[in-house]
Amino acid sequence: MEKYIIIGGKKLNGEISVAGAKNMALKVFPAAILCQEPCLLKNVPEIEDIERLIELMQDIGVKITHNCRGEYFVSTKEINKTQLKPDLVKRLRSSIMLAGPMLARFGEVTLTHPGGCIIGQRPIDLFIEGFQKLGAEFNENGDTYTLHAKKLKGAEIILPRVSVTVTENLMMAATLAQGITIIKNAAMEPEIIALANFLNEQGAKISGAGTPEIRIEGVKELKGGEITIIPDRIESGTFTILGLITNSQLKITNCEPKHIENLLYSLNKAGAKLEIGNDYIITYPSQLKGTNIVTHEYPGFPTDLQAPFTVLMTQAQGLSLIHETIFEGRLFYTDILNQLGANIIMCDPHRVVVNGPTKLYGKKLVSPDLRAGMALILAAMIAQGTSSIENIYQINRGYENIVARLQQIGADIKQIND
Ligand code: EPZ
């Protein structure tokens, strides 16, 4: 069984460079399906989720060459089937990102219900509704879904709630639809702006990405081109929290501080001492006080940073209310933090109150999901004694080469197989 072994209490120093954004790379590979010509993707994070997506795309005939670390050449001319492999779809929530591009390019796609983190029910009703609005026919047979569309037709789509991947999927599908599509109540994440810019460079006509209303004028076809994935804002935020929680002077490089302004606001409010450059952040030892957060779609406080921030608040003086508004199952990891010595009260599935500071003690742990898994690494790094973390696939899914990168800044962490 693969696991991490972590000895807590080490001060960190030096620099850690942020990898390419997982939640952009997982959409740009599917976007290549829309393109007639091959695409060259750069600064792609070398993580398990990308491996799974590549397996899924190669299974339908996409030719993907791994030129070197972080660089992939993707040619979709040879796609020869539209059924996505069920066991691969189950392992990756983002497999759903292939649906829109497949529908737009080939007029059909068959997939099973996508898997992913157990942070909530993760329905796909808004995807189906959106594709139907664009003229697709939907058939369900057990948990196998088939979507057909001779030619997608532009439509006005009002999303009843903000959804990042629904926004991205419909935006991609609409690039090759007939006529104009308007997506209202669209998500505004930086990764959506970057995806729209890439598609526009290939000939798409998208405006309004990054605002609640995106307008897409369908075109006949898209070329192919080059894209460099933007820095992963969740890594930037997580490593900033890592520097603060270990009371270290740590420099986070290759990052976009403006993409985590809401986190930086809350850290500031908590009394964090930070130096913010245009592409770096330096943390300094700080006395932190309890601070409330409410997660919200961008530009609100990112739900993917809620768990690391909660661990930080176990070391802050006083009370912190953590309100997770997006996912109904994303606070249960706090039970594990209490087993380490934290004092966290769950008010309801969406709210916990943290009472700090509390001393944490190392234990045997199992990672429940991607972001909570990283939060457990942070907790183990400040806990007294040794911790082990199992189910590390859940962490390697989203953080490239994380053990070596943490060792490099002084963490006492290693991966063993026993
Ligand atoms: C994206 O997930 C990210 N994943 C998530 O990151 C992130 O936490 C989330 O956006 C919110 O920021 C990727 O981009 C691959 P949503 P997504 O649709 O798009 C409900 C990570 O750790 N919903 O914005 O799946 C849904 O249940 C991951 O990197 C429907 O009801 O999230 C949720 O409550 C975790 N019906 C809400 O919308 C649907 O058809 C917002 O989720 C789709 C979603």
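Note that the structure is a prediction, hence the values are computed from the model and not measured.

Engineer: In this structure, what is going on with the overall build of the chain? I would like to understand it.
Structural biologist: The number of helices and strands found in the chain is 14 helices and 23 strands. The 418 residues of the chain split such that 59% are buried. For the chain, the share of sequence-separated contacts (at least 6 apart) that also reach a separation of at least 24 residues comes to 71%. Across the chain, the 42 positively charged side chains and the 44 negatively charged ones have centroids separated by 2 Å.

Engineer: How should the sheet that holds strand 7 (residues 137-141) be read in this particular structure?
Structural biologist: The three strands lie next to each other as 6-8-7, forming an open sheet whose pairing is antiparallel. Sheet topology places strand 6 (108-112) and strand 7 at the edges, where each strand pairs with a single neighbour. With direction set aside, neighbouring strand axes in the sheet form an average angle of 15°. Relative to strand 8 (residues 144-148), strand 7 runs antiparallel, the two sharing five bridges. Looking at strand 8, one finds that Phe 138 is bridged to Leu 147. Packing of helix 4 (residues 99-106) onto the sheet brings it into contact with strand 6 and strand 8, and relative to strand 6 it is tilted by some 155°.

Engineer: I tried to follow the packing of aromatic side chains on my own but got confused; where do I start?
Structural biologist: What characterises a pair of aromatic rings is the spacing of the ring centres plus the angle enclosed by the ring planes. For the structure on display, the rule yields three aromatic pairs. Between Phe 29 and Tyr 72, the ring centres sit 5.5 Å apart and the planes meet at 70°, which makes this aromatic pair edge-to-face. With Phe 29 in helix 1 (residues 22-31) and Tyr 72 in strand 5 (residues 71-75), this residue pair connects regions lying 43 residues apart in the sequence. In terms of burial, Phe 29 and Tyr 72 fall into one category: buried. Ring geometry for Phe 301 against Phe 309: centres 5.3 Å apart, planes inclined by 70°, an arrangement best described as edge-to-face. Take Phe 301 and Phe 309: they sit in the same class, and that class is buried. Between Lys 251 and the ring centre of Tyr 280, over which it is positioned, the NZ or CZ distance is 4.6 Å. Its end group placed over the ring of Tyr 361, Lys 359 keeps NZ or CZ at 5.9 Å from the ring centre.

Definitions and cut-offs
- Residues numbered from 1 in each chain as written.
- Predicted model: local features only at pLDDT ≥ 70, side-chain atom pairs only at ≥ 80, totals over all residues.
- Heavy atoms only, no water.
- Helix = DSSP H or I, 4+ residues; strand = E, 2+ residues; numbered from the N terminus.
- Buried < 20%, exposed > 50% of the residue type's maximum accessible area, 1.4 Å probe, protein only.
- Contact = heavy atoms within 4.5 Å.
- Lys, Arg positive; Asp, Glu negative; His and termini not counted.
- Charge placed at Lys NZ, Arg CZ, Asp CG, Glu CD.
- Pairing = 2+ DSSP bridges.
- Axes fitted to C-alpha atoms, helices over the stretch in contact; angles between N-to-C directions.
- Phe/Tyr/Trp six-rings, centres within 6.5 Å; stacked < 30°, edge-to-face > 60°.
- Lys NZ or Arg CZ within 6 Å of the ring centre and 35° of its normal.

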